[in-house]
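Structure assessment
Residue strings, one per chain:
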Amino acid sequence: MEEPATRELELTLSDGASDDDMPATLPTDCGHSGSIRKGCDPFAQTQRSKLQHRRARINQQINKEMRMRAGAENLFRATTNNKVKETVALELSFVNSNLQLLKEELEELNSNMEIYQTDSDAISVPMIPLGLKETKEVDFTVPIQDFICEHYGEDSSQYDKEIKELIDLRQAMRTPSRNQAGLELLMEYYNQLYYLDQRFFSAHKNLGVYFHWYDSLTGVPSSQRALAFEKGSVLFNIGALYTQIGARQDRSAADGINKAIDAFQRAAGAFNYLKENFSNAPSLDMSAPSLSMLVRLMVAQVQECVFERTTITTQDTKFTSQLQLAQEAAQVSDVYSLVHQTMTQPVMKDYVPFSWAAMVQVKSEHFRALSHYYAAAALCDHTCKGNISSKILASSDGDECEKEVDKAFLKLYVNISSGQTLSQILEDPEKRRKLGKAHLRSAVMRHEEAMRVHSLCKVLRKMDILQDVLCQMHKLSLEKYLELDREDDFDETAEAPEIQAHTQQKPDITPPGFFTVQVTDIFQRLGPLSVFCARARWGPTRVICLQRREGGMGLTLRGDSPVLVAGVVPGGCAEEAGLREGDYIVAVDGQDCKWAKHGEVVHMLKSCNDREVQISVVTLHSHDIQVERKAVMLSHCSDKENSRQRLLGGAKGQSSASLLNWNRKKKREGSGVTKKLGSTFSLSFGNIRDAEAMY
């Protein structure tokens, strides 16, 4: 089957990915017991599963309506009959109306944040999770069977168990549980796709399998045969699942907050990795603008968690502690303001759910109000206790404390008026009161703006927890403002200075930890990947009948897994039987030995004594000279596949090469042999240890 004409639109891995970005997922032996990780019961009637089922149903309906619209548009352009044009135009209006209703319904589902929130009774601001991308089932049976039969020359029916295992693994990863086991399931399938790519996806022949995925927010379907599209979609779901795990954490305690921080940082890492290493995404949710927005959103939610942890760990009402909270809240407000700017860009404005943009704007206003509230608390809570400087000087190390307070206060504002020193403001109760009142006035106004934006969104109005938080903080700010307000305050309240944003912990973007999930190649029985891969070509299997003579069999063997015929003695029985230099021994007397060690094959040959032995061999005729050259290199190394981690690691200080590199762009073609096809062949000639002997 030929490649589609729109191949340039296929999702590909970009130049920026290095070999070290991928995990080394190594097989440990030839046996394979299958995955122990399973997905959720698709029929389980949990709130989350019901939401996913409704989302899947809407996705299918959107797909149907879009196909109808495409057909109607083609007919409208093709026909010259005016009556038919009118009928088609009317039908198109109905289809477009249905599509708009379905998209609005899907947007409402995507805006349903409460299902993913924690079950704790503690009042906390809800987080924004991301729903998983839906996908159709894929049946690999016939394409893989045909490829095994045509390319590998083996009986494909012998691999029915492996094919079923692959299908079951993909089916399971469609419904991952919302915990570490679900993440490991997605990562296991993602890592397994490397082997699938190496075994069955050739640059010269497509497997013919279509991967169908739906946009996570709009439900618009996309379909490609590129395996990179499948990998990118799974990686997106890894990030989305992290957002759900982060949103469900109980953030009333420091331990739950730390777990939420870790989850959101890993979600940001997954989206950032997808943005930097994939290009030409067919769906908008995996485009660079969308992924940039998601990374910023996750970073903002991490910053919010850092603020919540600071409020828990800072129980005292010290002057410096209150200033720290004010600056942390200002930092949260700034990052949410940046997210809101990203969401309102032309590309994203009509794509991001309105409830998301409203929630982000509400949080930006809410945390800006909190920053002013804590600044006012730092100034005013000490008013009733007398002069702050007197309290400082009364302590044992008053001078040091005074310097610390002075330093903290001077860092509070972006710009401070000339001549406004600590002694002038803090030692004068009236100036403290007026400055605190200005901050509280700003806090009240910001909270009112947050409540106004909240009231404009139907989805947010249904979130009682968010409304309770906003009302509670607005009430506190207003009460404190009224305490400071006096009847003889005839002067207009001045504008509060802008608070300098600062945080004690900047968010980290944690890249995906693929290496934490070890997988074994499902199709290991096909043979070592260094030789038996989709990019290599060889002749049909030949059966050679040999019988030992007085001078031996007349052949030289080298390496293992598989053992290479390094040479044949002219006029010997091996040459007469048709054995050639460069043949690989794949079976001895019907016993498979693709993974056999050098000594094991020698033992099989010697055990035949004087009887005839049948040797099955293949000859590598690679269309890629790099594959052939590297395969010959690896044939020199003993215990090649089973000790691959040692071989990949190389000398101390060298980076471990990747087993998950695919779709490299041609920029790397001139970088040398060791970079061409990834870690499977990344060995220099100096590392080869000869293990050659004549028999």
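The notes below deal with the structure included here.

Cut-off values and rules
Residues numbered from 1 in each chain as written. Predicted model: local features only at pLDDT ≥ 70, side-chain atom pairs only at ≥ 80, totals over all residues. Heavy atoms only, no water. Helix = DSSP H or I, 4+ residues; strand = E, 2+ residues; numbered from the N terminus. Buried < 20%, exposed > 50% of the residue type's maximum accessible area, 1.4 Å probe, protein only. Contact = heavy atoms within 4.5 Å. Areas by Shrake-Rupley, 256 points an atom, 1.4 Å probe, with all protein chains shown as cover. Core = buried A, V, L, I, M, F, W, Y, C linked by side-chain atoms within 4.5 Å. Axes fitted to C-alpha atoms, helices over the stretch in contact; angles between N-to-C directions. Left-handed = near helix turned anticlockwise from the far one by under 90°. Nonpolar A, V, L, I, M, F, W, Y, C, P; charged D, E, K, R; others polar. Pairing = 2+ DSSP bridges. Polar contact = N/O pair within 3.5 Å; in protein donor to acceptor, adjacent residues only side chain to side chain. Phe/Tyr/Trp six-rings, centres within 6.5 Å; stacked < 30°, edge-to-face > 60°. Parallel < 35°, antiparallel > 145°, perpendicular 65-115°, else oblique. Salt bridge = Lys/Arg side-chain N within 4 Å of Asp/Glu carboxyl O.

1. Looking at the overall build of the chain
Within the chain one finds 21 helices and eleven strands. Expressed as a percentage of its 695 residues, the buried residues of the chain come to 53%. Partitioning the contacts of the chain with sequence separation of at least 6, the portion at a separation of at least 24 is 80%. Carbon together with sulfur atoms contributes 49% to the accessible area of the chain, which is approximately 31,500 Å² in total.

2. Considering the nonpolar core
One finds Ile144, Phe200 and Phe523 to be the most contacted residues of the largest nonpolar core, which totals 137 residues. For this core, the element with the most residues is helix H11 (residues 354-380), which contributes 16 residues. By size, the runner-up hydrophobic cluster in this structure holds 22 residues, among which are Leu555, Cys573, Ala574 and Met604.

3. Some thoughts on the environment of Lys480
By the element assignment, Lys480 lies in helix H17 (residues 464-484). For Lys480, a relative accessible area of 15% gives the class buried. Each C-alpha atom of the pair Lys480 and Lys437 lies 8.5 Å from the other, and the pair is 43 residues apart in sequence. With residues up to four places along the chain from it excluded, the contact list for Lys480 reads Tyr373, Asp381 and Leu440.

4. Remarks on unusual backbone geometry
The peptide bond linking Ser561 to Pro562 adopts the cis configuration, its omega dihedral lying at -5°. Turning to its location among the elements, Pro562 is positioned in the loop between strand E6 (555-558) and strand E7 (563-568). Look at Asn280: it is not a glycine, yet its phi comes out positive at around 60°. Looking at where Asn280 falls in the secondary structure, it is placed in the loop between strand E4 (278-279) and helix H8 (288-313). Non-glycine residue Ser561 carries a positive phi angle of around 50°. In this fold, Ser561 is placed in the loop between E6 and E7. In this structure Ser561 comes out as buried when scored by relative accessible area, which is 1%.

5. Focus: the packing of H8 against H11
Between H8 and H11, the least distance of the axes is 13 Å, while the angle of their chain directions is 35°. Crossing geometry of H8 relative to H11 is assigned as left-handed. Contact residues: Leu294, Leu297, Gln301, Glu304, Phe307 and Thr311 in H8; Trp356, Val360, Lys363, Phe367, Leu370 and Tyr374 in H11. Per-class residue counts for the contact of H8 with H11 are eight nonpolar, two polar and two charged.

6. Focus: the pairing of strand E10 (residues 612-619)
Of all eight residues in E10, six are buried, a share of seventy percent or more. Pairing between strand E5 (residues 542-547) and E10: six bridges, direction antiparallel. By the bridge assignment, Cys545 is partnered in E10 with Gln614. Here strand E8 (residues 583-588) pairs with E10 via five bridges, running antiparallel. Residue pairing for E10: Asp583 is matched across the bridge by Thr619.

7. What to know about the side chain of Gln303
Within the secondary structure layout, Gln303 lies in helix H8. With a relative accessible area of 1%, Gln303 lands in the buried category. Here Thr503 takes part through its side chain, which lies 2.8 Å from a polar atom of the side chain of Gln303. Excluding residues that lie within four positions of it along the chain, Gln303 makes contacts with Glu328, Gln331, Val332, Val335, Thr503, Gln505 and Pro507.

8. Topic: the packing of aromatic side chains
Overall, the coordinates contain 13 aromatic pairs when judged by the stated rule. Relative to Tyr374, the ring of Phe307 lies with its centre 6.2 Å away and its plane at 65°, an arrangement referred to as edge-to-face. Taken together, the residues span a long stretch of sequence, with Phe307 in helix H8 and Tyr374 in helix H11 at a distance of 67 residues. Ring geometry for Tyr336 versus Phe367: centroids 6.4 Å apart, planes at 10°, classification stacked. Pair noted here: Tyr336 is in helix H9 (residues 319-343) and Phe367 is in helix H11, with a separation of 31 residues, a long-range link. With a relative accessible area of 1%, Tyr336 lands in the buried category.

9. Focus on the packing of helix H7 (residues 254-277) against H8
Where H7 meets H8, the axes come as close as 9 Å, and the angle between the chain directions of the two elements is 165°. With respect to H8, the axis of H7 lies roughly antiparallel. Considering only the axes of H7 and H8, their crossing is left-handed. The residue makeup of the contact of H7 with H8, split by class, is 18 nonpolar, five polar and three charged.

10. Some details on the pattern of salt bridges
Counting across every chain of the model gives 20 salt bridges. Between Lys164 and Asp168 there is a salt bridge, and its shortest N-O distance comes to 2.8 Å. Taken together, the positions of Lys164 and Asp168, both in helix H4 (residues 160-173) and four residues apart, correspond to about one turn of that helix. In this structure, the salt-bridge partner of Glu308 is Arg251, at a minimum N-O distance of 2.7 Å. One end of the pair, Glu308, is in helix H8; the other, Arg251, is in the loop between helix H6 (227-247) and H7, with 57 residues separating them in the sequence. A network of salt bridges, in which partner residues are shared, links Glu154, Asp592 and Lys594.

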